[in-house]
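Here is how the chains run, residue by residue.
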Amino acid sequence: MPIGPFKKKPSGPKPISLALQGGGSHGAFEWGVIDRLLEEEDIEIHAVTAASAGAMNAVCLAQGLIDGGRANGREAAKTRLERFWKQVNRNGGRNVFGDTSIWTNAFSGGTDWLKNTPGWRMAETFALSMSPYEFNPFNLNPLHDALEGEIDFKALRERSPIKLYIAATAVRTSKLKVFRETELTARHIMASACLPQVFQAVEIDGEPYWDGGFLANPPLWPLFYDDTPDDILLVSLNPFVRDETPKTPGEIMDRLNEITFNAALASELRAIGFVQKLLDEGLLKDTARGRYRRMLMHAITADKALADLSLGSKFDTGWSFLTDLRDRGRKAADAWLGNHLTKVGVSSSLDLKNGFP
């Protein structure tokens, strides 16, 4: 991983980069994680790489830090994140996160049995037979208005206090596009969160884009090539491990979705582990001006925290559900801080050598 190491301050909070996955309303779990991290004076977030719902959290964090300035940025960021998720609640998940189906709305309310009935599967097949260009010809997407109402993108482009890396998938070329904070608009965030089954592709400079999670959920490599902290804290929303083998059609599709949206991330984590192995064996050199960096990986994963939630719940935007996810995120972040804060700047707390994920 080329480029020299991040230039750390001689004293003060430990700098970290956040890597935020996408996952619909489960992004409220990341809200909770960030909320808790902002209370920790020994941690300072310098960069965020993200896709989809993670991208929304990223721009809200940056906006809050702008709002509050050096003195009150952390509190302002906490406030901005809460305001955004309240807006998500008011707009409703079927509008913001792509659920246009009364069947899915019923399912997200807890009627899991419905997804495995013949009626559900017939409705699902019918829904998939239509494109968003047919059932949403005017391309209505309240996410644009929600983002414009909460984020001053001009201020973000001009003076974001943190580096941002927002992933989107270029439809025509199958290439990952990473947008930076200096170019972001609401359309860039919409592109990062564009599920092609329910939204028309978002065009930026003549190129159509879909959800960034297809190729990077989230992208880690931009952090290797830029002047960012050596420590990366990954916050995942899709469990890597499930104890039970899925057997019903609904369970199979849910697990396939999780595996698909974790695939690119798993590859990047393996690459980091491989480079670390070569560094440990002396086959590569990690020096102040060396070509390769020793990235220190940490993670707050969904494997335990969100293991009881199904794919359908990613469309649930009830306030009690969102605040439950926030509280789960705060609890998970608190546990990570208690167990691993001392490792930041020293060593990885994520064991890549033994096959994670």
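Remember, predicted model here, so these are calculated numbers, not experimental data. (Residues numbered from 1 in each chain as written. Predicted model: local features only at pLDDT ≥ 70, side-chain atom pairs only at ≥ 80, totals over all residues. Heavy atoms only, no water.)

1. Regarding the overall build of the chain
Here is step 1 of the chain: Helices and strands together make up the secondary structure of the chain, namely 13 helices and eight strands.
Here is step 2 of the chain: Per-residue burial over the chain gives 54% buried out of 357 residues.
Here is step 3 of the chain: For the chain, restricting intrachain contacts to residue pairs at least 6 apart in sequence, the fraction spanning at least 24 positions comes to 77%.
Here is step 4 of the chain: Taken as a whole, the chain presents about 16,100 Å² of accessible surface, with 53% of it coming from carbon and sulfur. (Helix = DSSP H or I, 4+ residues; strand = E, 2+ residues; numbered from the N terminus. Buried < 20%, exposed > 50% of the residue type's maximum accessible area, 1.4 Å probe, protein only. Contact = heavy atoms within 4.5 Å. Areas by Shrake-Rupley, 256 points an atom, 1.4 Å probe, with all protein chains shown as cover.)

2. Focus on the pairing of strand E6 (residues 207–211)
Here is step 1 of the chain: With respect to burial, E6 is a largely interior element, four of its five residues being buried.
Here is step 2 of the chain: With three bridges joining them, strand E3 (residues 163–170) and E6 adopt antiparallel strand pairing. Each residue of the ladder has a partner; that of Ala168, found in E6, is Asp211.
Here is step 3 of the chain: Pairing of strand E5 (residues 202–204) with E6 involves three bridges; the strand directions are antiparallel. Residue pairing for E6: Val202 is matched across the bridge by Tyr209.
Here is step 4 of the chain: Following E5, the chain reverses through two residues before pairing antiparallel with E6; Asp205 in that reversal takes a positive phi of roughly 55°. (Pairing = 2+ DSSP bridges.)

3. Details of the pattern of salt bridges
Here is step 1 of the chain: Counted under the stated rule, the structure contains 23 salt bridges.
Here is step 2 of the chain: Two residues, Arg180 and Glu181, come together in a salt bridge whose shortest N-O distance is 3.0 Å.
Here is step 3 of the chain: Ionic pairing is found between Arg326 and Asp327, a salt bridge with its closest N-O pair at 3.0 Å.
Here is step 4 of the chain: Several salt bridges share partner residues, and in doing so they unite Asp35, Glu39, Lys78 and Arg330 into one network. (Salt bridge = Lys/Arg side-chain N within 4 Å of Asp/Glu carboxyl O.)

4. Things to note about the environment of Phe179
Here is step 1 of the chain: Structurally, Phe179 is set in strand E4 (residues 176–180).
Here is step 2 of the chain: Excluding its chain neighbours within four sequence positions, the residues that come into contact with Phe179 are Leu164, Tyr165, Ile166, Ala168, Leu184, His188, Ile204 and Tyr209.

5. Some details on helix H11 (residues 249–280)
Here is step 1 of the chain: Taking 1.5 Å as the rise per residue, H11 with 32 residues should run 46 Å; its terminal C-alpha atoms sit 45 Å apart, in good agreement.
Here is step 2 of the chain: Within H11, the axis deviates most sharply at Ala263, by approximately 45°.
Here is step 3 of the chain: In the stretch just after H11, Gly282 is the one whose phi turns positive, near 75°. (Expected span 1.5 Å × (residues − 1). Bend = angle between axes of the 7 residues up to and from the residue.)

6. Here's the deal with the confidence of the model for the chain
Here is step 1 of the chain: Taken over all residues, the pLDDT of the chain has a mean of 84, while the share at 70 or more is 80%.
Here is step 2 of the chain: Note that residues 1–5 has pLDDT below 50 and, in this model, 26 contacts with residues that lie over four places away or in other chains.
Here is step 3 of the chain: Confidence over residues 99–111 falls short of pLDDT 50; this stretch has 25 contacts with residues more than four positions distant or in other chains. (pLDDT = per-residue confidence, 0-100.)

7. Focus: the side chain of Glu40
Here is step 1 of the chain: Position of Glu40 among the secondary structure elements: in the loop between helix H1 (27–37) and strand E2 (43–50).
Here is step 2 of the chain: Overall, the relative accessible area of 14% leaves Glu40 in the buried class.
Here is step 3 of the chain: Once residues within four sequence positions are removed from consideration, Glu40 is found in contact with Arg74, Leu337 and Leu341.

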